[in-house]
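Results of the structural survey
Listed here are the chains, written in short residue letters.
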Amino acid sequence: MKEIICITCPKGCHLKVDEETFAVTGNACPRGAVYGANELRSPVRVVTSTVIVEDAGTSSARPQTPDCDSRTGNACPCKPAGAVLARRLPVKTDRPIPKGKMFEVMAEINRVRATPPIKVGDVLIPHVAGTDGNVVATKNLP
Ligand code: SF4
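Residues numbered from 1 in each chain as written. Predicted model: local features only at pLDDT ≥ 70, side-chain atom pairs only at ≥ 80, totals over all residues. Heavy atoms only, no water.

Brief notes about the overall build of the protein chain
Per the secondary structure count, the protein chain includes two helices and 10 strands. Start at the N end of the protein chain and walk to the C end: the helices and strands fall as β-β-β-α-β-β-β-β-α-β-β-β. Buried residues in the protein chain amount to 32% of all 142 residues. Accessible surface for the protein chain amounts to roughly 8,900 Å². Of this, 55% is attributable to carbon and sulfur atoms. (Helix = DSSP H or I, 4+ residues; strand = E, 2+ residues; numbered from the N terminus. Buried < 20%, exposed > 50% of the residue type's maximum accessible area, 1.4 Å probe, protein only. Areas by Shrake-Rupley, 256 points an atom, 1.4 Å probe, with all protein chains shown as cover.)

If you want it as structure tokens, here you go:
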């Protein structure tokens, strides 16, 4: 019996899922049963992130590394002195994608550049990482 917390809604029910039959207990609604069974069969997640905006005047901006900390501002190790950090556009996958594909999805998101104008829902990466999901903008960028 596997114990997991349902993340489908803020209630966060504590689920118990039978690893052989995928029967779920502890769910307060049917969505928890679907989530619990899927979580053991083939877990999926919506990926949210940001992409660099390709703006005139910020061509010297570099993609941030995993060591970057936006809170440090000028202390960012990948930011050359005097450089302007690139604007970033929030994005997400338009459907849950397999958890095993998340690193591939993030690699593609880190490579892409957004060129204005962009509207909410515009597809920036179709069929990301070979999945059925697309990476779409979640903010207008005039
Ligand atoms: S089982 Fe239903 S009520 Fe409980 S957290 Fe999941 S979605 Fe929410």
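On we go.
Regarding the confidence of the model for the protein chain
Averaged over every residue, the pLDDT of the protein chain is 86; residues scoring 70 or more account for 79%. Between residues 58–63, whose pLDDT stays under 50, and residues either more than four places distant or in other chains, the model counts 13 contacts. (pLDDT = per-residue confidence, 0-100. Contact = heavy atoms within 4.5 Å.)

Details of unusual backbone geometry
In this structure, the amide linkage connecting Pro116 to the following residue, Pro117, adopts the cis form with an omega of 0°. The topology assignment puts Pro117 in the loop between strand E8 (113–114) and strand E9 (123–125). One non-glycine residue, Phe22, lies in the positive phi region at around 60°. On the basis of relative accessible area, Phe22 is assigned to the partly exposed category, the value being 24%. Notably, His127 is not glycine yet its phi reads approximately 45°, a positive angle. As for its placement among the helices and strands, His127 is situated in the loop between E9 and strand E10 (135–137).

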